[in-house]
Every structure is written in structure tokens, then in C-alpha cells.
Amino acid sequence: MITEFGLGLICIGWIVQIIKMKKDELNKYTLLLYILGVVILSYSGMSDGIIASADWLNVVSAITSGVVLYKVLKLKKK
């Protein structure tokens, strides 16, 4: 159930991107929903006590997406 919730957040994030997209910019809410979805997927994968390589890749994906979100927010302030 928690995995489906995480994947649902990722899907909603991309739907927000499609609706709010102007030119080629990346929407900050899309990134936020994506990060939350991936964090939930990471938690779901690691909560069973067996940590697979896909779990670590989800963590890396969340971190790198967080860096992109930071840069997007920083650019919008200028």
C-alpha cells in the first residue's frame, strides 16, 4: 500500500508538470511531489529489513532531485 502511495505521488507530480508547464521550465511542485514519492518508496523498500540496490538508488534519486529543487528555487529568486 505504501509503495502505491509513493508511486501515486510521483504520477501526480508529473501531471502537475504537464498542466503547469511553461516553455521548458521544471515546476517546483513537480519536484517536491517526486521527492516525497521517492522518499516513501525508499522507506517502503528499507522497512522490511532487506536493503536492495533499488532502495539505495531511490535514496540517490531523492537526494539528486533535492539538489535540483534547490537550484530551481534559487534561480526563481533571482
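What this report covers is the structure whose coordinates are included nearby. Going along each chain's sequence as written, the residues are numbered from 1 onward. Given that the model is predicted, a residue must reach a pLDDT of at least 70 before its local features are reported, and side-chain atom pairs must reach 80 or more before they are shown or counted; all residues, however, enter totals for whole chains, interfaces and linings. As a rule here, side-chain values come from all non-hydrogen atoms in the structure, and water together with hydrogens is ignored.

**Considering a nonpolar patch on the surface**
Using the following cut-off: Every patch collects residues that have over 30% relative accessible area and no salt bridge, joining them within 9 Å if they carry like charges and within 5 Å if they are nonpolar side chains (Val, Leu, Ile, Met, Phe, Trp, Tyr). Accessible areas in this description were obtained via Shrake-Rupley with a 1.4 Å probe; residue shielding takes into account the shown protein chains only. When a carboxyl oxygen of Asp or Glu lies within 4 Å of a side-chain nitrogen of Lys or Arg, that pair is called a salt bridge. Starting at the N terminus, helices and strands are each numbered in turn, a helix being any DSSP run of H or I of at least four residues and a strand any DSSP run of E of at least two. Categorising residues by exposure relies on relative accessible area from a 1.4 Å probe, with only protein chains included: less than 20% of the type maximum marks a residue as buried, more than 50% marks it as exposed, and the intermediate range marks it as partly exposed.
Among the surface-exposed residues, W14, L26 and V68 lie close enough to one another that they form a single nonpolar patch of about 240 Å² accessible area. Position of L26 relative to the elements: it lies in the loop between α1 (2–20) and α2 (28–46). Since its relative accessible area comes to 30%, L26 is described here as partly exposed.

**Focus: the packing of α1 against α2**
Any two packed helices are characterised by how steeply their axes cross, that is the angle between the axes, and by the distance between the axes. Stated precisely, the cut-off is as follows: For every element, the axis is a line fit to its C-alpha atoms; helices are fit only across the contacting stretch, and the angle between N-to-C directions ranges from 0 to 180 degrees. Any angle that is under 35 degrees is reported as roughly parallel, and any over 145 degrees as roughly antiparallel; angles of 65 to 115 degrees are reported as roughly perpendicular and all others as oblique. If you view the pair so one helix is near and one far, a crossing is left-handed when the near helix is turned anticlockwise from the far one by less than a right angle, and right-handed when it is turned clockwise. In what follows, a contact means two residues having at least one pair of non-hydrogen atoms within 4.5 Å.
Where α1 contacts α2, the two axes come as close as 8 Å, and the packing angle between them is 165°. Between α1 and α2, the angle falls in the class roughly antiparallel. α1 and α2 meet at a crossing whose hand is left-handed. Contact residues: α1 offers I2, T3, F5, G6, L7, L9, I10, I12, G13, W14, V16 and Q17, while α2 offers Y29, T30, L33, Y34, L36, G37, V38, I40, L41, Y43 and S44.

Don't take any of this as a statement about function, it's just geometry.
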